[in-house]
Each structure stands twice: as C-alpha cells, then as structure tokens.
Amino acid sequence: MGMNEDERKRNQVLTDYVVQDLNVDPKLPFEDNTFDVITNVVFFFGVSVDYLTKPIDVFKEMRRVLKPAGLAIMRYCTV
C-alpha cells in the first residue's frame, strides 16, 4: 500500500498493490485480521508516521487488520 502508483508499477516483485492517501481516507481496504505484520519502514527515504494528519484513526485501522498478536513496525522521523 502506498501513495505513489508509479513506484508500485515499477516494482516487479509486487503481485498486487493499493494506492491510497491515508490523510484523506484512513480506512484501510482490507478485512479484519488479515495481516501478520504491518510496516511503514522503507529504507533510505521512508515515510514517517508524523506526516499522518489522523494518526489515531490509522493506528485503529492497523489494529483492526492485524491478526491477533500481529506486529506493527512504525518509523518516526525526528530530523
């Protein structure tokens, strides 16, 4: 999932992707208890959670789509 569709299209490893601006719509388009791990960590220039305008709503959605005992790995940039 990401906001840059051009990058997603060029990634030959991906089999599927979703493009969505979580600042406009924080509702994740996935069923409850879908994922074992959610991460926003991207090497080099990853997006930090401090750019979210509705972080609590996004975190609630992440919890909803994570399986029980699932893991959420977030990046917070202080630079």
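Residues numbered from 1 in each chain as written. Predicted model: local features only at pLDDT ≥ 70, side-chain atom pairs only at ≥ 80, totals over all residues. Heavy atoms only, no water.

The chain appears in an unreviewed UniProt entry as Methyltransferase type 11 domain-containing protein from Eleusine coracana subsp. coracana.

J.: I would appreciate a short explanation of the packing of aromatic side chains in the present structure.
T.: The description of an aromatic ring pair rests on the distance of the ring centres and on the angle between the ring planes. By the definition in use, this model includes one aromatic pair. With 5.0 Å between their ring centres and 90 degrees between their planes, F30 and F35 make a pair best called edge-to-face. Owing to a relative accessible area of 24%, F30 belongs among the partly exposed residues under this scheme. (Phe/Tyr/Trp six-rings, centres within 6.5 Å; stacked < 30°, edge-to-face > 60°. Buried < 20%, exposed > 50% of the residue type's maximum accessible area, 1.4 Å probe, protein only.)

J.: Explanation requested: the pattern of salt bridges in the structure shown.
T.: If charged atoms from side chains of opposite charge come close, those side chains can pair. This model, assessed by the stated rule, comprises four salt bridges. The closest approach of N and O atoms between K27 and E61, which form a salt bridge, is 4.0 Å. Taken together, the positions of K27 in the loop between α1 (5–10) and β1 (35–39) and E61 in helix α2 (residues 55–65) put the pair 34 residues apart, joining distant regions of the chain. For K27, a relative accessible area of 46% corresponds to the partly exposed category. We note a salt bridge from E61 to R64, for which the minimum N-O separation is 2.7 Å. With E61 and R64 both in helix α2 and three residues apart, this pair spans about one turn of that helix. Classification of E61 by relative accessible area gives buried; the value is 12%. One connected set of salt bridges, linked through shared partners, spans K27, D32, E61 and R64. (Salt bridge = Lys/Arg side-chain N within 4 Å of Asp/Glu carboxyl O. Helix = DSSP H or I, 4+ residues; strand = E, 2+ residues; numbered from the N terminus.)

J.: Can you walk me through the environment of V37 in this structure?
T.: Checked against the element boundaries, V37 lands in strand β1. What makes V37 partly exposed here is its relative accessible area of 45%. As a C-alpha pair, V37 and K67 span 30 residues in sequence and 8.3 Å in three-dimensional space. The contact partners of V37, leaving out residues within four places of it in the chain, are L66, L71 and I73. (Contact = heavy atoms within 4.5 Å.)

J.: I tried to follow the nonpolar core on my own but got confused; where do I start?
T.: Generally speaking, nonpolar side chains in soluble globular proteins are found buried as a group. Of all hydrophobic cores here, the largest spans seven residues; its members are L22, L28, I38, V58, M62, V65 and L66. For V58, the contacting residues outside a window of four places in its chain are L22, P26 and L52. (Core = buried A, V, L, I, M, F, W, Y, C linked by side-chain atoms within 4.5 Å.)

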